[in-house]
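# Coordinate inspection notes
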Amino acid sequence: MFEFDWRSRQPIYEQLIDKMKEMIVRELWQPHDQLPSVRMMAKQLMVNPNTIQKAYRELERDGWIYSIPGKGSFVAPRSKEPNIEAIAAVREQFVRLVKEARFLGVTDEQLWRWIIEGER
């Protein structure tokens, strides 16, 4: 299902969040699709259920998923209105990463290739 970089400094739950967001953005998971249960996902990924629960909580807090008690967690439908706060947060992260890439010597051409790669 997902592969983790066990040597990464990024915690597993954050890696899981990123991978789940990617599944939603790429529309591999559609709005209202039911997600695997915490227990099932933990067993499949061989990680602690608390790790899965933490990722689900953060995704729900940020509006990517929603939960129905006794039923499970589901992919949230996309809002027709732009989420100004979320867009501002993404912009802030993007600018920080571009500055870091520039410091490391990344060229304009490389940055554009990465942007195009992100659209696929």
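Residues numbered from 1 in each chain as written. Predicted model: local features only at pLDDT ≥ 70, side-chain atom pairs only at ≥ 80, totals over all residues. Heavy atoms only, no water.

### Quick notes on helix α3 (residues 49–61)
So the rule is basically this: Going along the chain from the N terminus, every DSSP run of H or I of four or more residues is numbered as a helix, and every run of E of two or more is numbered as a strand. In a helix, the anticipated span is given by 1.5 Å times the number of residues less one. For each residue, the accessible area found with a 1.4 Å probe, counting protein chains only, is set against the maximum for its type, and the residue is called buried under 20%, exposed over 50%, and partly exposed in between. It is the directions from the helix axis to the C-beta atoms that the arc portrays. Contacts: residue pairs with any heavy atoms within 4.5 Å of one another. Definition of a polar contact: a pair of N or O atoms within 3.5 Å, with one able to donate and the other able to accept a hydrogen when the atoms are protein atoms, and with sequence-neighbouring residues admitted only if both atoms are side-chain atoms.
Its 13 residues place the ends of α3 18 Å apart at the C-alpha level, agreeing with the 18 Å of an ideal helix rising 1.5 Å per residue. When α3 is considered as a whole, its buried residues turn out to be Thr 51, Ile 52, Ala 55, Tyr 56 and Leu 59. Projection of α3 onto a plane perpendicular to its axis shows the buried side chains occupying an angular sector of 135°, all on one side. Those residues of α3 that are exposed and aimed more than 90 degrees away from the buried face are Asn 50 and Arg 61. As for α3, its buried residues are in contact with α1 (12–25), α2 (38–45), β1 (65–68) and β2 (72–75). Sitting at the amino-terminal end of α3 is Asn 48, which places a side-chain oxygen 2.7 Å from the backbone nitrogen of Asn 50.

### As for the UniProt feature "domain: HTH gntR-type" (unreviewed entry) in the protein
Short version of the rule: UniProt positions are given in the numbering used here, feature names are shortened, and annotations may be inferred rather than shown by experiment.
Taking the UniProt record as the reference, the feature "domain: HTH gntR-type" (unreviewed entry) is found at residues 10–78. In the segment residues 10–78, helix accounts for 51% and strand for 12%; the C-alpha atoms at its two ends are 27 Å apart.

### Let's talk about the layout of surface pockets
Test applied: Grid spacing is 1 Å over the protein atoms alone, the probe is 1.4 Å, and a cavity is where that probe fits but cannot get out, while a pocket is an open set with protein on both sides within 12 Å along at least five of seven lines and lining residues have an atom within 4 Å of a point. Grid points are joined across faces, edges and corners, and a volume is the space filled by probe spheres set on the points.
Estimates place the volume of the largest pocket at around 1,800 Å³. In terms of lining, the largest pocket is formed by 34 residues, of which the most central are Lys 21, Val 25, Trp 64, Val 90 and Gln 93. Those elements giving two or more residues to the lining of the largest pocket turn out to be α1, α4 (84–103) and α5 (108–118). It is α4 that provides the largest number of residues to the lining of the largest pocket, a total of 11 residues.

### Quick look at the pattern of salt bridges
This is how it is decided: A pair is scored as a salt bridge if a Lys or Arg side-chain nitrogen falls within 4 Å of a carboxyl oxygen belonging to Asp or Glu.
Under the defined criterion, the tally for this structure stands at five salt bridges. Close ionic contact of Glu 22 with Arg 26 constitutes a salt bridge, the shortest N to O distance being 3.1 Å. Looking at Glu 22, the relative accessible area reads 42%, which means it is partly exposed. In this structure, Arg 113 and Glu 109 form a salt bridge, with 3.3 Å as the shortest nitrogen-oxygen distance. With Arg 113 and Glu 109 both in helix α5 and four residues apart, the pair spans about one turn of that helix. Three or more residues joined by partner-sharing salt bridges are found here, namely Glu 58, Arg 61 and Asp 62.

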